2 protein chains.
Amino acid sequence: MKIAIIGCGVVGSSWALVFARAGHDLAIHDHSEAAAAAAVAFVAAADPALAARCRVATSLADALAGADYVQESAPERLPIKQALYREMDALLSPATIVGSSTSGFPASSFTEGLDNAARCLVAHPINPPHLIPLVELIPAPWTAPETLAFTGDLMRDLGQSPITLTREINGFVVNRLQSALLGEAFRLVEDGICTPSEVDAAVADGLGLRWAFMGPFATIDLNAANGVAEYCANLGPMYYGLAKEQADPREWGPDLVASVEAKMRAQVPAADLPQRRQWRDRFLAAIVAAKREITKDVGA
Amino acid sequence: MKIAIIGCGVVGSSWALVFARAGHDLAIHDHSEAAAAAAVAFVAAADPALAARCRVATSLADALAGADYVQESAPERLPIKQALYREMDALLSPATIVGSSTSGFPASSFTEGLDNAARCLVAHPINPPHLIPLVELIPAPWTAPETLAFTGDLMRDLGQSPITLTREINGFVVNRLQSALLGEAFRLVEDGICTPSEVDAAVADGLGLRWAFMGPFATIDLNAANGVAEYCANLGPMYYGLAKEQADPREWGPDLVASVEAKMRAQVPAADLPQRRQWRDRFLAAIVAAKREITKDVGA
């Protein structure tokens, strides 16, 4: 398939690797030609043989010409997305599907009124998509069902794990789940129950070990002899009580944020953050590889 | 150290393995002598050499005699806990510390007025503790600081990962975090945004891969160039907006639960649940082992 990668920051570069390693031919474009070249270099660094599948397009028109699918990862500013989609609209063939990597803007906010609006959707990865398979597909109200079906099939073919939301919603699914957890994390720290690093331990040494291979429904489904309905009958009232205590939305105020920042900097000094990100990426890659091997062994 | 294991269900048996493999001598007691014997068999199945460190106590008094630490994992019913702690109170030496595995009851609800109340606390594991290191330590208002310090040191010596809450709070930390995530999970399904299996994928193929080795604060701290304060400045308003949308505590009503139950049973028929739990336990053990190896390689 012919794929156009538009926007070559961290997300676009990672997407380029996803498509290239699945055997597709890539036309790569960025406002900055150096960024496009860097994306090719990123793919080549992962596997030199893949570089032959990547070319830096000479223009947006060149990138889109003949593309079956466009993965757009332009900067997260609405006016930039709107201008880019207007520009693309004049160039797209009526056979091309366009997925946006945006985490923050529904497709309706930048595709309304476009000729190709029915073939645009949000295809939001968790960064970096070459390691994390989940992709959220979110239709605008005018996105065609065929657009969703095509993109879902494509993502599965790539080895990604797509989920398809029925409609646009703030934060989509992933950031809404993260929001719920973060909100309680900040609440516990603000209320002096425990420290940020203790919340982190509760997840990394506790809840997260299972969440790396089974989600919250699958988890509770196995935690009662007869499944999730029994679990809810036993523990639903307890969780409803907690939900009522957690129903006070809080802004993360300056004192709270300063306190968390100070504690995090005591763990990782500012100068060490780039190195810590390398640690994270190595750990993540190794966990993903281990999960793949375990799945081969015990099943999914 | 001499350890008494009181209560030998799934949690108590797993605790027995935790203490035995760390080199401690165990006196194991359950209302049912068969359950106590089964706990010894569980330890022996993991490592036959450890069985020599375990003995089935002939009575509660026998189990507690000379114990340095008691891990109590009796059934989760408050009258049972209250009666057990009253009975233990008459038998405990003033040097013995008692940690309760309870997930639901604060220590103040079953240790008030006891002679040994200052040496009792909650030491709540995530099941099963022989695989999942996190332990929440929660003091009653009258728990002595030395009790917390002793139990924290003991847990670290065992290879567990203790966190110490400053005070009692409903759900402690782990179930409050799980509650926040589950609440949003059910909300998304109830509102028809996606299916339970899609929520599960969002976690297991997405968020959970990082949460297996870094918690929510560590995650966001690395997701802005200069750390968590910058992240909060950029995204705090977005999360506050989501928090307001998520501030409607909902009971998990019968229709919603029936719908989730039907979808989960379509994935795993009721008859296959025991086998699916074996899959979970194998996967969990393998993930924990992989994480240990990765940590050796890239650091914690």
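The structure displayed is predicted, hence computed values, not measured ones.

Q: Got a minute to help me understand the overall build of chain A in this structure?
A: Of regular secondary structure, chain A possesses 12 helices and eight strands. The C-alpha atoms of chain A give a radius of gyration of 21 Å, which matches the 19 Å a tight globule of 300 residues would have. The dimensions of chain A, computed from C-alpha atoms along their principal axes, are 55 × 45 × 45 Å. A separation of at least 24 residues holds for 65% of the contacts in chain A among residues at least 6 apart in sequence. Here chain A has roughly 11,500 Å² of accessible surface; of this, 55% comes from carbon and sulfur atoms. Averaged over its 24 positive side-chain charges, chain A has a centre that lies 3 Å from the centre of its 34 negative ones.

Q: Help me understand helix α12 (residues 273-298) of chain B, please; the structure alone is not making it clear to me.
A: Because each turn of an α-helix spans 3.6 residues, side chains separated by three or four positions in sequence point in the same direction. The end-to-end C-alpha separation of α12 of chain B is 36 Å, in line with the 38 Å expected for 26 residues at 1.5 Å each. Of the surrounding secondary structure, the elements contacted by the buried residues of α12 of chain B are α8 (196-211), α9 (216-221) and α12 (273-298) of chain A together with α11 (254-267) of chain B. Directly after α12 of chain B, the chain includes G299 of chain B, whose backbone phi takes a positive value near 95°.

Q: Where do I start with the packing of helix α10 (residues 228-245) of chain A against α11 of chain B in this structure?
A: When two helices pack together, their arrangement is captured by the angle between the axes and the distance separating the axes. Contact geometry of α10 of chain A with α11 of chain B gives a least axis separation of 8 Å together with a crossing angle of 145°. Every residue of α11 of chain B that contacts α10 of chain A at V228, A229 and C232 of chain A is listed here: V257, V260, E261, M264 and R265 of chain B. Its residues placed into classes, the contact of α10 of chain A with α11 of chain B shows six nonpolar, no polar and two charged.

Q: How should I be thinking about the packing of aromatic side chains in this particular structure?
A: Note on aromatic pairs: each is described by the distance of the centres and the angle between the planes. Evaluation of the coordinates by the stated rule reveals 23 aromatic pairs over all chains. The structure contains a cluster of three or more aromatic residues connected by ring pairs, namely F186 and W252 of chain A together with F217, Y231 and Y239 of chain B. One Lys or Arg, R276 of chain A, reaches over the ring of W279 of chain A and ends 3.5 Å from the middle of that ring.

Q: Would you explain the sheet that holds strand β7 (residues 134-139) of chain A in this entry?
A: Backbone-to-backbone hydrogen bonds join strands into a sheet, with any given pair of strands oriented parallel or antiparallel. All names here are of chain A. In space, the eight strands of this open sheet follow the order β3-β2-β1-β4-β5-β6-β7-β8, with mixed pairing throughout. The two strands at the open ends of the sheet, each matched to only one other strand, are β3 (54-56) and β8 (161-164). The sheet shows a mean angle of 25° between the axes of neighbouring strands, direction not considered. Those strands touched by helix α4 (residues 78-89) are β1 (2-6), β4 (69-72), β5 (97-100) and β6 (120-125), and its axis lies near 170° from that of β5.

Q: Whenever I open this one, empty space enclosed by the protein confuses me. Can you help?
A: Over the atoms, a rolling probe the size of a water molecule traces out where space has been left empty. The full count for this structure, using the stated rule, is one cavity of 30 Å³ or more. In this structure, the largest cavity occupies an estimated 380 Å³ of space. Lining the largest cavity we find 32 residues, and of these A180, R187 and Q246 of chain A together with A180 and Q246 of chain B sit closest to its centre. Sorting the residues of the lining of the largest cavity by element identifies α7 (174-190) and α10 of chain A together with α7 (174-190) and α10 (228-245) of chain B as the ones contributing at least two each.

Q: Which parts of the structure should I look at to understand the UniProt feature "domain: 3-hydroxyacyl-CoA dehydrogenase NAD binding" (unreviewed entry) in chain A?
A: Residues given the UniProt feature "domain: 3-hydroxyacyl-CoA dehydrogenase NAD binding" (unreviewed entry) here are residues 2-165 of chain A. Secondary structure across residues 2-165 of chain A comprises 37% helix and 23% strand; the distance between its end C-alpha atoms is 26 Å.

Q: So what exactly am I meant to see when it comes to the relation of the copies chain A and chain B here?
A: Superposition of the two copies of the chain requires a rotation about an axis together with a shift along that axis. When chain A is brought onto chain B, the operation consists of a screw motion whose angular component is 180° and whose axial shift is 0.0 Å, with 0.0 Å RMSD remaining. One copy is carried onto the other by what is essentially a two-fold rotation axis. Within chain A, A247 of chain A has its C-alpha nearest the rotation axis, a separation of 2.1 Å. The fraction of interface residues of chain A whose copies in chain B are also interface residues reaches 100%, indicating that both copies meet through the same surface.

Q: Please explain helix α8 (residues 196-211) of chain B as it appears in this structure.
A: Over its 16 residues, α8 of chain B extends only 20 Å from the first C-alpha to the last, a length that falls short of the 22 Å expected when each residue adds 1.5 Å. Where α8 of chain B bends most, at V203 of chain B, the angle is about 35°.

Q: What am I meant to see in the interface of chain A and chain B here?
A: By a widespread convention, an interface's size corresponds to the accessible area lost as its parts come together. Opposite the 107 residues of chain A that make contact, chain B presents 107 residues. Summed over both sides, the interface of chain A with chain B buries roughly 10,500 Å², with 70% coming from carbon and sulfur. Here chain A is connected to chain B by eight salt bridges. Between E184 of chain B and R176 of chain A there is a salt bridge, with the nearest N and O atoms lying 2.7 Å from each other. At the surface where chain A touches chain B, the tally comes to 52 residue pairs in polar contact (both at pLDDT 80 or more). Tallying contributions element by element places α12 of chain A first for the side of chain A that touches chain B, with 17 residues. Here the residues of the side of chain A that touches chain B sort into 65 nonpolar, 21 polar and 21 charged.

Q: Just to check I follow, could you spell out the pairing of strand β8 (residues 161-164) of chain B for this structure?
A: Look at any regular strand and the pattern is simple: side chains alternate between the two faces of the sheet. Residue and element names in this part refer to chain B. Pairing of strand β7 (residues 134-139) with β8 involves four bridges; the strand directions are parallel. Residue pairing in the sheet places L134 in a bridge with S161 of β8. Each parallel crossover has a hand, and the one from β7 via helix α6 (residues 145-158) to β8 is right-handed.

Q: What am I meant to see in the domain arrangement of chain A here?
A: For chain A, the assigned domains are domain 1 (2-164) and domain 2 (174-267). Spacing between the C-alpha centres of domain 1 of chain A and domain 2 of chain A amounts to 33 Å.

Q: Before we go on, may I ask you to explain the pairing of strand β5 (residues 97-100) of chain B in this structure?
A: Residue and element names in this part refer to chain B. Where burial is concerned, the two faces of β5 agree: the one with I97 and G99 and the one with V98 and S100 are both buried. For the crossover from strand β4 (residues 69-72) across helix α4 (residues 78-89) to β5, the handedness is right-handed. In this sheet, strand β6 (residues 120-125) lies alongside β5 in parallel orientation, the contact comprising three bridges. Bridge assignment links S100 to a residue of β6, and that residue is V122.

Definitions and cut-offs
Residues numbered from 1 in each chain as written. Chains lettered and ligands numbered in written order. Predicted model: local features only at pLDDT ≥ 70, side-chain atom pairs only at ≥ 80, totals over all residues. Heavy atoms only, no water. Helix = DSSP H or I, 4+ residues; strand = E, 2+ residues; numbered from the N terminus. Rg over C-alpha atoms; globule rule 2.2 N^0.38 Å. Contact = heavy atoms within 4.5 Å. Areas by Shrake-Rupley, 256 points an atom, 1.4 Å probe, with all protein chains shown as cover. Lys, Arg positive; Asp, Glu negative; His and termini not counted. Charge placed at Lys NZ, Arg CZ, Asp CG, Glu CD. Expected span 1.5 Å × (residues − 1). Axes fitted to C-alpha atoms, helices over the stretch in contact; angles between N-to-C directions. Nonpolar A, V, L, I, M, F, W, Y, C, P; charged D, E, K, R; others polar. Phe/Tyr/Trp six-rings, centres within 6.5 Å; stacked < 30°, edge-to-face > 60°. Lys NZ or Arg CZ within 6 Å of the ring centre and 35° of its normal. Pairing = 2+ DSSP bridges. 1 Å grid on protein atoms, 1.4 Å probe; cavity = no way out; pocket = protein on both sides within 12 Å on 5 of 7 lines; lining within 4 Å. Points joined across faces, edges and corners; volume = space filled by probe spheres on them. UniProt positions renumbered as here; feature names shortened; annotations may be inferred. Least-squares fit on C-alpha atoms with pLDDT ≥ 70 in both. Bend = angle between axes of the 7 residues up to and from the residue. Buried area = accessible area lost by both parts, 1.4 Å probe. Salt bridge = Lys/Arg side-chain N within 4 Å of Asp/Glu carboxyl O. Polar contact = N/O pair within 3.5 Å; in protein donor to acceptor, adjacent residues only side chain to side chain. Right-handed = clockwise from strand over helix to strand, strands pointing away. Domains from an automatic or database assignment. Buried < 20%, exposed > 50% of the residue type's maximum accessible area, 1.4 Å probe, protein only.

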